[in-house]
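Close look at the chain arrangement
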Amino acid sequence: MGNLCYNAGMSENHDQRPQLDAERMALARARARENRRLIPLDLGLSAGYFVLWWLLVHEPLIRWLDTTLASFTPRLLVYVGLFGLGAVVVDLPLEAYRYRRAVHYGLSVQSWREWFVDVLKGLVVGAILGGILVLVLYYFLQHYPATWWLWMGLVYLLFTVILAQLAPVLIMPLFLKFTPYEEDELSARLRSLAGEAGTQVRGVFRTNLSSKTTAANAWLSGLGRTRRIVLGDTLLEHYTPDEIVSVFAHELGHHVHRDIWHSIVLATLVNLAGFAVAGVLMRWAVGRYGFAGPGDLRAFPWLVVSLALFAFLTSPLLNAYSRGREWAADRYAYRHGPGARAFADALTRLTNQNLADPEPPRWQVFLFYSHPPALERIQSANQFAVSQSRTR
Ligand SMILES: [Zn+2]
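These figures come from a predicted structure and were not determined experimentally.

1. Overview of the overall build of the protein
Helix and strand counts for the protein stand at 12 helices and four strands. On C-alpha atoms alone, the protein measures out to a radius of gyration of 24 Å, which is about the 21 Å that the 2.2 N^0.38 rule sets for 392 residues. Seen through its principal axes, the protein has C-alpha atoms that stretch 75 × 45 × 35 Å. Among the 392 residues that make up the protein, the fraction classed as buried is 26%. Taking contacts inside the protein between residues at least 6 apart in sequence as the whole, the part at least 24 apart equals 76%.

Here is the structure:
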């Protein structure tokens with residue numbers, strides 16, 4: 001704790017290297033405390049909404065739909081659509097508060113209008129994708145009441161693969177602009193790094209993150225022909241070439257390690273288990289309450305409860321896996337980028353700029369963090385840099 005840690009692992013050379021800024025870190029900690037206080041509120045709102053829906057809305061709505069709409073599909077879409085819309089509306093004040101706090105901390109640069117347009121776009125995308133999934137789910141629930149969970153596991157795999165392929169060209173451009181990264185000295189370095197890794201990165205793109213935030217970021221997305229590394233303009237404009245190349249090397253590490261494929265396979269197995277557990281619970285609920293079958297809309301809350309609980313309980317597992325993949329991509333960047341020191345410097349700048357909590361509590365990391373805490377990553381990169389400089 002305290003300022004001393006910020007220099008832990010730093011080597012002899014203190015000259016021009018970026019340091020964690022004490023003022024920024026105090027802000028980051030204040031922001032992290034605020035966000036932690038919102039966690040129980042957020043969970044409570046979701047749980048409260050669900051319970052109220054089940055007790056007050058579920059039965060009357062189904063009775064009304066039974067008398068108003070003749071066939072099942074429109075009844076299903078109206079029921080699930082209202083349920084989803086209600087969940088979004090209940091969550092909206094909290095989201096608006098989060099957005100205002102991000103403006104307060106100088107992270108978000110969006111106006112109310114721009115923020116709300118993004119919310120609406122998200123809602124439309126979610127409604128289309130969710131609608132397709134619900135239709136497929138109920139098809140299997142009604143036609144294969146005993147083995148629906150197995151089919152849904154396979155559908156989920158197919159759906160994620162298609163979505164991973166389409167997202168960079170169909171969904172992300174709804175929110176951000178992507179332009180091929182212009183030819184310059186830096187792009188030549190990035191290409192040669194990819195060449196050394198024996199891989200062809202099909203595209204390196206620049207995106208206008210600065211239209212939304214002051215935070216910097218970079219990521220790998222897509223599959224097959226849409227596979228690409230995306231660098232935010234907020235990164236490209238404020239970092240040294242070595243730092244940018246080292247961030248690129250981290251993303252390249254994900255690519256070389258085939259992390260997108262691995263996470264799809266793991267998520268599919270976890271989801272298959274989740275559907276199987278839901279299948280057992282649904283069978284019990286059908287017997288206990290006399291529903292027509294698992295595809296009976298009256299059994300919908302049971303389906304939601306079992307899938308949501310399973311997702312909540314297994315998300316620490318998926319996060320732990322993701323943190324492991326991040327460590328591996330970091331180590332790739334130490335070895336194949338311009339050195340671990342440049343990577344540590346990039347992480348230090350990112351932590352200052354993005355107001356990342358340098359040392360979140362263990363429980364929060366365990367439950368919610370897909371990436372290792374900032375300070376651990378910086379220290380580990382600096383330690384590696386020391387050993388690199390010794391062996392050179
Ligand atoms: Zn990463």
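Following the structure, the description resumes.
2. So, the domain arrangement of the protein
What the domain assignment reports for the protein is domain 1 (21-178 + 253-391) and domain 2 (179-252). One C-alpha centre belongs to domain 1, the other to domain 2, and the line joining them spans 25 Å. Listing elements by their share of the side of domain 1 that touches domain 2, those giving two or more residues are α4 (148-171), α7 (241-256), α9 (300-336) and α10 (340-354). Counting residues per element, the side of domain 1 that touches domain 2 draws most heavily on α10, at eight residues. Among the residues forming the side of domain 1 that touches domain 2, the class breakdown is 19 nonpolar, 11 polar and four charged.

3. A few points about the sheet that holds strand β3 (residues 218-221)
In spatial order, the strands read β1-β2-β4-β3; together these four strands make up an open sheet with mixed pairing. Looking at the sheet topology across the chains shown, the edges are occupied by β1 (178-180) and β3. Direction aside, neighbouring strands of the sheet carry axes that sit 30° apart on average. Contacts between α7 and the sheet are confined to β3 and β4 (228-232), with β3 contributing the most and set at about 20° to the helix.

4. Comments concerning the packing of helix α5 (residues 185-196) against α7
Between α5 and α7, whose axes approach to 10 Å, the crossing angle comes to 30°. For the pair α5 and α7, the sense of crossing is right-handed. Contacts between α5 and α7 involve L186, R189, L190, L193 and A194 from the first element and P241, I244, V245, F248, A249 and L252 from the second. Looking at side-chain class alone, the contact of α5 with α7 contains 10 nonpolar, no polar and one charged residues.

5. What to know about helix α8 (residues 259-289)
For α8, which comprises 31 residues, the first-to-last C-alpha distance of 43 Å matches the rise-based estimate of 45 Å (1.5 Å per residue) to within 8%. When α8 is considered as a whole, its buried residues turn out to be D259, N271, G274, F275, A278, G279, M282 and A285. Buried residues belonging to α8 abut α4, α7 and α9. Among the residues trailing α8, G290 stands out with phi positive, at a value near 70°.

6. What about the pairing of β4?
Across the five residues that make up β4, a large majority, five, are buried. Residues R228, V230 and G232 of β4 are buried on one face, and the alternating residues I229 and L231, pointing to the opposite face, are buried as well. By the bridge criterion, four bridges tie strand β2 (residues 204-207) to β4 in an arrangement that is parallel. In the sheet register, F205 faces β4, and the bridge partner there is V230. Where β3 lies against β4, four bridges are found, and the strand directions are antiparallel. Directly across from L220, in β4, lies its bridge partner I229.

7. Remarks on the nonpolar core
Core analysis: the biggest nonpolar cluster contains 40 residues, and F248, F343, L347 and A381 have the highest contact counts within it. Those elements that provide at least two residues to this core are α1 (22-68), α5, β3, β4, α7, α9, α10 and α12 (374-391). Three or more residues apiece are contributed to this core by two domains, here domain 1 (21-178 + 253-391) and domain 2 (179-252). Excluding anything up to four places from it in sequence, L347 contacts A374, R377, I378 and A381. Within the second largest apolar cluster, 19 residues are counted, among which are Y79, F140, W148 and W149.

8. Observations concerning unusual backbone geometry
Positive phi, close to 55°, is recorded for R258, a residue that is not glycine. Along the chain, the position of R258 falls in the loop between α7 and α8. Unlike most non-glycine residues, L355 shows phi in positive territory, near 50°. With respect to the element layout, L355 can be found in the loop between α10 and α11 (362-368).

Calculation criteria
Residues numbered from 1 in each chain as written. Predicted model: local features only at pLDDT ≥ 70, side-chain atom pairs only at ≥ 80, totals over all residues. Helix = DSSP H or I, 4+ residues; strand = E, 2+ residues; numbered from the N terminus. Rg over C-alpha atoms; globule rule 2.2 N^0.38 Å. Buried ≥ 20, exposed ≤ 12 C-beta atoms within 10 Å, placed from the backbone. Contact = placed C-beta atoms within 7 Å. Domains from an automatic or database assignment. Nonpolar A, V, L, I, M, F, W, Y, C, P; charged D, E, K, R; others polar. Pairing = 2+ DSSP bridges. Axes fitted to C-alpha atoms, helices over the stretch in contact; angles between N-to-C directions. Left-handed = near helix turned anticlockwise from the far one by under 90°. Expected span 1.5 Å × (residues − 1). Core = buried A, V, L, I, M, F, W, Y, C linked by C-beta atoms within 7 Å.

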